[in-house]
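Each chain is listed here by its residues.
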Amino acid sequence: MSGGLPDVVALTRQLLALDTVDRAESTAVAVLAPLLDAAGFSTRTVELAPGRAQLIAEWQPAAPTAPPLCFSGHLDTVPLGGAAWTHDPFAGETDGDRLHGRGSSDMKGGVAALVLAAARLAGGPRPKRAGLRLVLTAGEETGCRGAATLADTLRGAPSGPLLIAEPTANRPVHGHKGALWLEADATGVTAHGSRPDLGDNAVLRLARAVLALTDEGDPDPTPPHPVMGAPTLNVGTFAGGLNTNSVPDRATATLDLRTVAGQRHPSVRDAVSRRLGTDIAVRTLLDLPAVWTDPDDPWVRSVTTTTTTITGTPPPPPGAATFFTDACLLTPALGDVPTLILGPGEPDQAHATNEWCSIRRLHESVEIYHEVATAWCDAGGPAALGDGGAGGGGGG
């Protein structure tokens, strides 16, 4: 690549060598920020916690006539898991078209491609129409904690569309379900296990409530989304009691609700609480709304055309990711801008043992991002069909 920039595989390998399993994202920022600084970006860091830096980088014309396009990705990864890896998870070993390592697909490969495409664009003529913003976050894998802090920083800032480089095998994905995680608590009265009549069994109380919740249908009936499908509810954990020969006076269950665009989480929580009953206390653990952008949005159509041209594949049907992304917080903070999820990683490799990413798709993604950014930033490009806020993305 021109201008002294590293190859996308080399930069991805640099990032893979860093252990950012829910920590130390500052080490990745230390690799990426100098590349963007040298390209002419204005960079600043926002800490999630000590050693956990996040990066905001801006590049724009002297007198922009449209808001900046926004690229985003996260720098943290999930733990390796208990199974042994065939390839060193931090070495970036290659095997044919595969680059192995924790985060290769989710999503250090996507981040490397975003940064290189941005730096390559900045190395050319100054943009005529709009600038480019990069938002690189920490703590995404543990509930989008970094994006939550950056949402306040970015709220109200003029913004064009948002592209998140999560793993989609370079296919545009138009949104994802929301996640509402709830904790349900029941209390009772303890007694000796031989005299249950003297106590009030919290385990039984909560079990009956949870069974009523799951057996009686969706507590917040919502028609299935045409692409996302129906909302879902899963009982993730159930715990209660301290010893076998006592009546338990406390029981706790956690509930994982995956919502669709159009559902309001306060209403969903209220419906769940009513179904569980007044004796069960409900507390919110995670609240991330769904995201959806109309596939007919002009910017989305232009990105789809660019992607299919570069990859040589036919345009895919409208799709939604099964996982949540930082878009659930960044999209509404930026004004419900049109949002796409589009990255080189393999969706089924996210969080997997022996995670890998296609080297061919890594190179494709640099070209895709560069062309998408060029079209938005230069007047008269295909992305000029949009105006930054038109077309409507959504935060559930």
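Refer to the structure above for everything that follows.
In this report, we go over the structure that sits alongside the text. The residue count restarts for each chain, going from 1 along the sequence in the order it is written. This being a predicted model, a pLDDT of at least 70 is required before a residue's local features are given, and a value of 80 or more before pairs of side-chain atoms are given or counted; all residues contribute to the totals for chains, interfaces and linings. To get the side-chain values, all heavy atoms of the structure are used, and hydrogens and water are removed first.

### Digging into the nonpolar core
1) Next: In this structure, Phe41, Phe71, Leu132, Leu134, Trp299 and Tyr369 are the most contacted members of the largest nonpolar core, which totals 57 residues.
2) Next: Secondary structure elements are taken from DSSP: a helix is a run of H or I of four residues or more, a strand is a run of E of two residues or more, and numbering for both begins at the N terminus. If you list the elements that add at least two residues to this core, you get α1 (8-16), α2 (25-39), β2 (52-59), β3 (69-74), α3 (104-122), β6 (132-137), α7 (298-311) and α9 (359-377).
3) Next: Here this core takes 12 residues from α3, the largest share from any one element.
4) Next: We call two residues in contact when some of their heavy atoms are within 4.5 Å. Leave out the neighbours within four places in its chain, and Leu134 touches Leu36, Phe41, Leu55, Ile56, Ala57, Phe71, Leu114, Val115 and Ala118.
5) Next: Counting 21 residues, the second largest nonpolar core, distinct from the first, contains Cys70, Val135, Leu154 and Val291. What is meant by a nonpolar core is a set of buried Ala, Val, Leu, Ile, Met, Phe, Trp, Tyr and Cys residues, joined one to another through side-chain atoms within 4.5 Å. To sort residues, take the accessible area from a 1.4 Å probe on protein chains only and compare it with the maximum for the residue type: under 20% means buried, over 50% means exposed, and anything in between is partly exposed.

### Some points on the pairing of β2
1) Next: With respect to burial, β2 is a largely interior element, seven of its eight residues being buried.
2) Next: Direction of pairing for strand β1 (residues 42-49) relative to β2: antiparallel, over a ladder of seven bridges. The residue bridging Glu47 from the neighbouring strand is Ala53, located in β2.
3) Next: Each pair of strands is called paired provided DSSP finds at least two bridges between the two strands. The loop that links β1 with its antiparallel partner β2 comprises two residues; one of these, Gly51, has a positive phi angle of about 80°.
4) Next: In the sheet, β2 pairs with β6 via five bridges, with the strands oriented antiparallel. What sits directly across from Trp59, in β6, is Leu132.

### A closer look at the sheet that holds strand β15 (residues 356-358)
1) Next: Reading across the sheet, the three strands line up as β4-β5-β15 and stay open at both edges, with antiparallel pairing between neighbours. If you trace the sheet from one side to the other, it starts and ends with β4 (94-95) and β15, each paired once.
2) Next: Relative to strand β5 (residues 98-100), β4 is paired through two bridges, and the arrangement is antiparallel. Bridged to Thr94 within β5 is Leu99.
3) Next: Note on method: axes are straight lines fitted to C-alpha atoms, helices fitted across the in-contact stretch only, with angles between N-to-C directions ranging 0 to 180 degrees. Packing against the sheet, α3 makes contact with β5 and β15, and its axis sits at approximately 50° to β15.

### Observations regarding the sheet that holds β6
1) Next: Strand order in the open sheet formed by six strands is β1-β2-β6-β3-β7-β14, and the pairing between neighbours is mixed. Unpaired on one side and paired on the other, β1 and β14 (339-341) mark the two borders of the sheet. Along the sheet, successive strands turn relative to each other by an average axial angle of 15°, direction set aside.
2) Next: As paired elements, strand β7 (residues 162-164) and β14 share three bridges and run parallel to each other. Paired with Leu162 across the two strands is Thr339, which belongs to β14.
3) Next: Sheet strands in contact with α3 are β2, β3, β6 and β7, and its direction is about 150° off that of β3.

### Description of the packing of aromatic side chains
One pair of aromatic rings is described through two measures. These are the centre distance and the angle between the planes.
1) Next: Two aromatic rings, drawn from Phe, Tyr or Trp (for Trp, its six-membered ring), form a pair once their centres lie within 6.5 Å of each other, and the interplanar angle then sorts them: stacked below 30 degrees, edge-to-face above 60, tilted otherwise. One pass over the structure, following the stated rule, counts three aromatic pairs.
2) Next: Each ring, one from Phe71 and one from Tyr369, has its centre 5.7 Å from the other, and the planes form 50°; the classification is tilted. Placement of Phe71 in strand β3 and of Tyr369 in helix α9 is noted, with a sequence separation of 298 residues between them. This pair shows no difference in class: Phe71 is buried, exactly as Tyr369 is.
3) Next: Here Trp181 and Phe324 contribute two aromatic rings whose centre-to-centre distance is 6.4 Å and whose plane-to-plane angle is 65°, an arrangement assigned as edge-to-face.

### Digging into the pattern of salt bridges
1) Next: Think of a salt bridge as a Lys or Arg side-chain nitrogen and an Asp or Glu carboxyl oxygen that are within 4 Å of each other. Counted according to the given criterion, the structure contains 16 salt bridges.
2) Next: The residue Glu355 makes a salt bridge to Arg102 at a minimum N-O spacing of 2.7 Å. Here the residue Glu355 occupies a position in the loop between β14 and β15, and Arg102 occupies one in the loop between β5 and α3, the gap between them amounting to 253 residues. Arg102 shares its class with Glu355; the two are buried.
3) Next: Between Glu346 and Arg361 there is a salt bridge whose closest N-O contact spans 2.5 Å. Taken as a pair, Glu346 in the loop between β14 and β15 and Arg361 in helix α9 lie far apart in primary sequence, 15 residues in all. Comparing Glu346 with Arg361 shows no difference in burial state: the two are buried.

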